[in-house]
Amino acid sequence: MADGSVTADNALAVARDVLKRAPLIDGHNDLPWVIRVDRAARGDVIAYDLTRVHERADTDIPRLREGMVGAQFWAAFQPTSAPHPARTALEQIDLIRRIEEAHPDVFLPARQAADYARAKSLGKIASFIAVEGGVGLENSLSPLRIWRAAGVRLMTLCHNESLDWVDSATDAPRNGGLNAFGRAVVGELNRLGVVIDLAHTSHEAMRRVLDVTEAPVALSHSNAYSLCDHPRNAPDDVLKRVKANGGLVMATFVPGFVSQPLRDWLRRSRDPHGKAPLAADPKAQFAEIEAKQGPAPKASLEQVADHIVRLVETAGLDHVGVGSDYFGGASPVGLEDVSRFPHLFAELVRRGFSERDLEKMSSRNMLRVLRRVETVGKSLRQSRPPAIGRLEDYRDP
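Nothing here was measured: the structure is a model prediction, and the numbers come from that model.

Rules of the game
Residues numbered from 1 in each chain as written. Predicted model: local features only at pLDDT ≥ 70, side-chain atom pairs only at ≥ 80, totals over all residues. Heavy atoms only, no water. Salt bridge = Lys/Arg side-chain N within 4 Å of Asp/Glu carboxyl O. Helix = DSSP H or I, 4+ residues; strand = E, 2+ residues; numbered from the N terminus. Buried < 20%, exposed > 50% of the residue type's maximum accessible area, 1.4 Å probe, protein only. Contact = heavy atoms within 4.5 Å.

Asks: Could you give me a rundown of the pattern of salt bridges, with the residues and numbers involved?
Replies: It is possible for side chains of opposite charge to pair when their charged atoms get near one another. For the structure shown, the criterion picks out 31 salt bridges. Two residues, Arg183 and Asp396, come together in a salt bridge whose shortest N-O distance is 2.6 Å. Highlighted residues: Arg183 in helix α8 (residues 180–192) and Asp396 in the segment after α16 (355–383), separated in sequence by 213 residues. Note that Arg207 is salt-bridged to Glu204, the shortest N-O span being 3.3 Å. Of this pair, Arg207 and Glu204 are both found in helix α9 (residues 203–212), three residues apart, which corresponds to roughly one turn of the helix. Note on Arg207: relative accessible area 22%, which makes it partly exposed. Each of Glu204, Arg207, Arg208, Asp211, Asp237 and Arg241 takes part in one network of salt bridges that share partners.

As structure tokens, this is what we get:
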């Protein structure tokens, strides 16, 4: 990996030079949900004011610029228990589009891989829309096409709970990973040219999707299970299959998915599946747990780099990226907010990765996945009609 041209002394300068040439594509950020639940803004993008630094949060325009972010996948997230999931999914997609509309000088609405280069040439950040969690489908295939028409280009199949058609990593299995309707969802996402995201799915669901997908997949915010045994992380056999699939795993910063000591400490406040209760203020929730259990072990930037090294060793250099999952909660020491991406890449410089290696992980690998998914989708739309129906129309033999 090393090319002999860098030293620890100039690692940050090298990292910034790499990110200037190949600005980061971050696979996952929950800013839309942060804006929605903010007590003052209550979903109003203008009132939230992304132009100022939000000291109690982790994402805003000044720090995105400082972090040298070239493209961001914004998550249209909602809890699985939301009372009106179809409506809430559309509201979250709309919120992302309102971010784009409120700051046209900063964000370029990105609906295809080519928009990354176009945004870079204009000095803007490419804004991609992702849906996190298929609960908003309400067990129908039709919303997939509406979401795509609204700009969605990546879908995380589930969140922390299993659905009627796909099993979550942090819930009891109900579908053997993926059932017949789930396979129909995968096929229609392939046809639409939307990236299938296996973050949050169970390990068995990952395997079942990889059995049937016709396009590369992503794990937009997951780490190596071999370094931290949280079920949200990907086991080695899946990482090897992602390589064969041509897909991508994007290392994440969620502390409990990074540090094994922290994972062990958190077990006392998690359910048997490793899931924490959803909180309006994750930092306050964490402080309450520390008050009961004592100080938590810290996750660190260096441990995130350990995961990246392990992912490269297992899935291959061409199949690794970064998906921070900044969500307004706790972050590893050294990765407190979106301004810190260059510091992570500086650590990878110190680990011996070449500038070309870093360019692949910052953007080129994800661009390859996006282009291939787009190509497969275009071909499939020419050869087969839209998949229609609801859960009850699909049954396993």
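Asks: Give me the environment of Ser127: which residues, what numbers.
Replies: Mapped onto the fold, Ser127 is located in strand β4 (residues 125–132). C-alpha of Ser127 to C-alpha of Leu370: the two residues are 243 residues apart in sequence and 14 Å apart in space. When neighbours within four sequence positions are excluded, Ser127 is seen to be in contact with Gln72, Trp74, Ile96, Glu100, Phe107, Leu108, Pro109, Ala110 and Arg111.

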